[in-house]
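Listed here are the chains, written in short residue letters.
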Amino acid sequence: MEYNFKQIEKKWQDYWYANNTFAAKQDFSLPKYYCLVEFPYPSGQGLHVGHPRSYTALDIVARKKRLQGYNVLYPMGWDAFGLPTENYAIKNHIHPEIVTKNNIAHFKQQLQSLGFSFDWTREINTTDPEYYKWTQWIFLQMFKKGLAYKKEMAVNWCTSCKCVLANEEVVNGVCERCGSEVIRKNQSQWMLKITAYAQRLVDDLDDLDFIDRVKVQQKNWIGRSTGAEVDFGTTMGDTLTVYTTRPDTLFGATYMVISPEHPLIEKWADKLENLDAVRAYQQEAAHKSDFERTEMNKDKTGVRLQGVMGINPVNDKKIPIFISDYVLTSYGTGAIMAVPAHDTRDWEFAKKFDLPIIEVVAGGDVEKEAFTDCATGTMVNSDFLTGLSVEEAKKKIVEWLTAEGKGHEKVNFKLRDWVFSRQRYWGEPIPIVKCDKCGYVPLPESELLKYYTPLDNQATDDCPVSGSIYEVTIVRTGVVFVRAATSAAAMDLADHLTTDHVNSSDDWSPTDAEERSDYDGMVFEEPDFD
C-alpha cells in the first residue's frame, strides 16, 4: 500500500495544531521537563539545514519524555529584530513589521510541515510590544543597578549599512551582509556590565554538569589572571598605566606600546614630531577587526611616537613608546610594557626596531631568541630583585610598587563588557531618554509601550525627573523612519532618505548625514534620543 505522506502527515499535523496536542499541561503533579532550542531569526530565505538538524534531536528527546510521563515544555519563537529585515524593507519599500510577519508565517509553515512537536500556545515574537516590554523592564533594572551604561568605544562600523557589526560579521575587512568596507570608529554604545560577574562565572563552572573540556574552554574565555597595575611616567607629565602578570620583569621593560586609538595620542598630537606617520598608521589600523589585529597579526608593525618617552617606574630610565595594532583599547588599559628578553612577540618587535633586550630571568640566550621558559627561575639584572626566585620577586615587587604609590596588585579578566545595541531602527527599543538637565533618564515602567509604538508624527513630553520638555520626532519617508531631537533636523534628514534616493542604489546609505553632528545618535540608532 502506498503511503501518501502529503495527505496523511498534513492531516495529523493540522490535528496536532488545532488540538494543542503538544502543549504543556497545567498539571503540577507531573514531573517537569523543559526542552529549549535557540529561536531562529526569520529571514526571507526560510529554513536552512541547520534548523531541522538541531530541532530534530531535541524533538526526539521531547517526545520520549512525554512517553515517560513528563509534562514537557518545548516552545518555539522568533528572534525577529535585525538589520537584514530593515535593509530588505528599505530596498523593497515594505515596512519591517510586514516583512517580519510574512517571514514568520513562512517559517512556521515550514516547521509545522516537518512535524515538530512544539508547544505553539507559547509562541514568542521578540518584535511584539507585549514581549519586548519585559526585555525593556529587565534593561531598566540593570540600568538602575549600574549594569547598563553608555560608553564611547571603538567599534566595527560598516560604511554602507551605517551600523555596528560584531567581530564575526566582519569577513576579510568587509561586511558579511553587503560586502562594503568596515572601519574602526569610536561611537557611543550601550554596554552591559557582564564583567561584574566574571569571578562568579569562573567559580560556578565547577558545579555545572559539563564535560571537563568545555569547562576549560569557558575558563580560558573568561581569562582570569592575577598581576599588577603599574604606573609608568612620561616626559609629557602624563601617566601610562599598564596591566602585567609579570611585574617581576619590570627591570627588563625597554619600551612601551599603546593602541592606535589611545586617548593620549590626541593630547600629545601637537608635540609629536612624526604626526603624519602616526595618523597614517591609525588609519590603517582602523580597517582591521580585533581578531585581525590580535589572532591573525603575524607581522609586527608599529610607529614610534617621536617627541615623547615613557619612564620606567623601577629605575626612572626613559624608554620609547610605540603605537601598534596588536594592542587594543578595549582590553586592559590600552597600553603594555614590553620585556623582549622573555616574550617572543616583544623580542621580534625589538629586533625589528633595534631596541634593547635585557635578560631578567636567568637562562637561554636572549640575543638569539626570547627565553620564555621563565615561570620559575632566578632573577638577574634586576637591582633589589636580583637573586630572588620568580615567585619571591613577584611578591616583593608588588609590595614595593604599593609602598611607592606606583602600582598595586590587580586581578584581571579577558572577558569584556557586552556591546548591547547594534541596530538602527528595527531593533529592541531602549527605554531611556536623554534630558539636557538630567542626562540619561529611565522611563517609568508604566510608560514603556506608550513611547515606543512607531509614530509618523512629532511627540513631546516631560522628562521623568526634571520635568523639562524634550521632543522626539519620528519622520517616515516611504518605509524609512528617522528619529531626531527636533522636527527641523528630522525633516532635513528625511530629504536624504527619499524613495528616489533609496531606489538609486542597492547599497543604500544616507549620504553625508552620518558625518553631520546634528544627527549624532539620532539616525537609525536605538531610541535613546541623544
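A short tour of the structure in this document, coming up. (Residues numbered from 1 in each chain as written. Predicted model: local features only at pLDDT ≥ 70, side-chain atom pairs only at ≥ 80, totals over all residues. Heavy atoms only, no water.)

Topic: the overall build of the chain
Put simply, the rule reads: Here a strand is any run of E in DSSP of at least two residues, a helix any run of H or I of at least four, and the numbering for each starts at the N terminus. Using a 1.4 Å probe on the protein chains alone, a residue whose accessible area is under 20% of its type maximum counts as buried, one over 50% counts as exposed, and one in between counts as partly exposed. Should any heavy atoms of two residues lie within 4.5 Å, those residues are counted as being in contact. Computed with the Shrake-Rupley method and a 1.4 Å probe, the accessible areas treat only the protein chains shown as cover for residues.
Within the chain, the regular secondary structure consists of 15 helices and 22 strands. The burial tally for the chain puts 45% of its 530 residues in the buried class. Considering only contacts within the chain whose residues lie at least 6 apart along the sequence, 66% involve residues at least 24 apart. Carbon and sulfur atoms provide 51% of the accessible area of the chain, an area that totals close to 27,500 Å².

Re the packing of helix α1 (residues 5-18) against helix α4 (residues 96-113)
Counted only if it meets this: Axis lines are fitted to C-alpha atoms, over the contacting stretch for helices. Their N-to-C directions set the angle, which ranges from 0 to 180 degrees. Oblique is the label for any angle not covered by the other classes, which are roughly parallel (under 35 degrees), roughly antiparallel (over 145) and roughly perpendicular (65 to 115). Throughout, the ten residues Ala, Val, Leu, Ile, Met, Phe, Trp, Tyr, Cys and Pro are labelled nonpolar, Asp, Glu, Lys and Arg are labelled charged, and all others, Gly among them, are labelled polar.
Two numbers describe how α1 lies on α4: the axes approach to 10 Å, and their chain directions differ by 115 degrees. It follows that α1 is roughly perpendicular to α4 by the angle criterion. Side by side, α1 and α4 meet where Glu9, Gln13 and Tyr17 of the first sit next to Lys108, Gln112 and Ser113 of the second. Split into classes, the residues belonging to the contact of α1 with α4 amount to one nonpolar, three polar and two charged.

Some remarks on helix α3 (residues 83-92)
Residue pairs spaced three or four apart in an α-helix point in one direction, given the helix's 3.6 residues per turn. The test is simple: The arc in question is the one spanned by the directions pointing from the helix axis to the C-beta atoms.
Residues Leu83, Thr85, Glu86, Ala89 and Ile90 constitute the buried set of α3. Each buried residue of α3 lies within a common arc of 160 degrees when the element is viewed along its axis, so the set occupies one face. One or two positions beyond α3, positive phi appears at His93, with a value near 60 degrees.

Topic: the pairing of strand β3 (residues 75-78)
As a reminder of what qualifies: Two strands form a pair only when DSSP identifies at least two bridges running between them.
Of the two faces of β3, both are covered, the one formed by Pro75 and Gly77 as well as the one formed by Met76 and Trp78. Summarising the sheet, β3 and strand β4 (residues 119-125) pair through three bridges and their orientation is parallel. Residue pairing in the sheet places Trp78 in a bridge with Asn125 of β4.

Here's the deal with the nonpolar core
Stated precisely, the cut-off is as follows: Only buried residues count toward a nonpolar core, which is a set of Ala, Val, Leu, Ile, Met, Phe, Trp, Tyr and Cys residues joined through side-chain atoms within 4.5 Å.
Judged by nonpolar contacts, the single largest core of 52 residues is most densely connected at Phe232, Leu240 and Leu305. At five residues, helix α12 (residues 390-404) tops the list of elements feeding residues into this core. What Phe232 contacts, discounting residues up to four positions off in sequence, is Asp238, Thr239, Leu240, Val242, Leu250, Met256, Ile311, Asn312, Pro313, Ile319 and Met337. Membership of the second largest hydrophobic core comes to 16 residues, among which are Cys35, Leu47, Trp78 and Phe118.

What about empty space enclosed by the protein?
Our working rule: The definitions used throughout rest on a 1 Å grid laid over the protein atoms alone, on which a cavity is an enclosed set of points accommodating a 1.4 Å probe that cannot get out and a pocket is an open set flanked by protein within 12 Å on both sides along at least five of seven lines; lining residues are those having an atom within 4 Å of a point. Grid points are joined across faces, edges and corners, and a volume is the space filled by probe spheres set on the points.
Applying the stated rule across the entire model yields five cavities of 30 Å³ or more. Counting residues per element, the ones that place at least two in the lining of the largest cavity are α1 and β4. Partitioning the lining of the largest cavity into residue classes produces seven nonpolar, six polar and one charged.

A few points about the sheet that holds strand β5 (residues 148-158)
Spatial strand order, β6-β5-β9-β17: four strands in an open sheet with antiparallel pairing. This sheet does not close on itself; its edge strands, each paired only once, are β6 (163-165) and β17 (418-419). Of the pairings in the sheet, the one linking β5 to strand β9 (residues 182-192) comprises 11 bridges and is antiparallel in character. Its bridge partner lying in β9, Met153 is registered against Gln187.

As for the packing of helix α6 (residues 198-205) against helix α7 (residues 212-222)
Going by this rule: For any helix crossing, the convention is left-handed if the near helix is rotated counterclockwise from the far helix by under a right angle, and right-handed if that rotation is clockwise.
Interaxial distance between α6 and α7 falls to 10 Å at its minimum, and their mutual angle equals 165 degrees. The orientation of α6 with respect to α7, classified from their angle, is roughly antiparallel. Crossing angle aside, the handedness with which α6 passes α7 is left-handed. Taking contact as the criterion, the partners of Ala198, Leu201, Val202 and Leu205 in α6 are, on α7, Lys215, Gln218, Lys219 and Ile222. Per-class residue counts for the contact of α6 with α7 are five nonpolar, one polar and two charged.

Some words on the pattern of salt bridges
Cut-off, in case you're wondering: By salt bridge we mean one thing: a side-chain nitrogen of Lys or Arg within 4 Å of a carboxyl oxygen of Asp or Glu.
In the structure shown here, the tally under the stated rule is 14 salt bridges. Here Asp204 and Arg200 are joined by a salt bridge, their closest N and O atoms 3.3 Å apart. Taken together, the residues span about one helical turn, with Asp204 and Arg200 both in helix α6 at a distance of four residues. Assessed through its relative accessible area of 36%, Asp204 is described here as partly exposed. Judged by its relative accessible area of 55%, Arg200 is exposed. We note a salt bridge from Asp238 to Lys267, for which the minimum N-O separation is 2.5 Å.

Any functional reading would require information beyond the geometric quantities listed.
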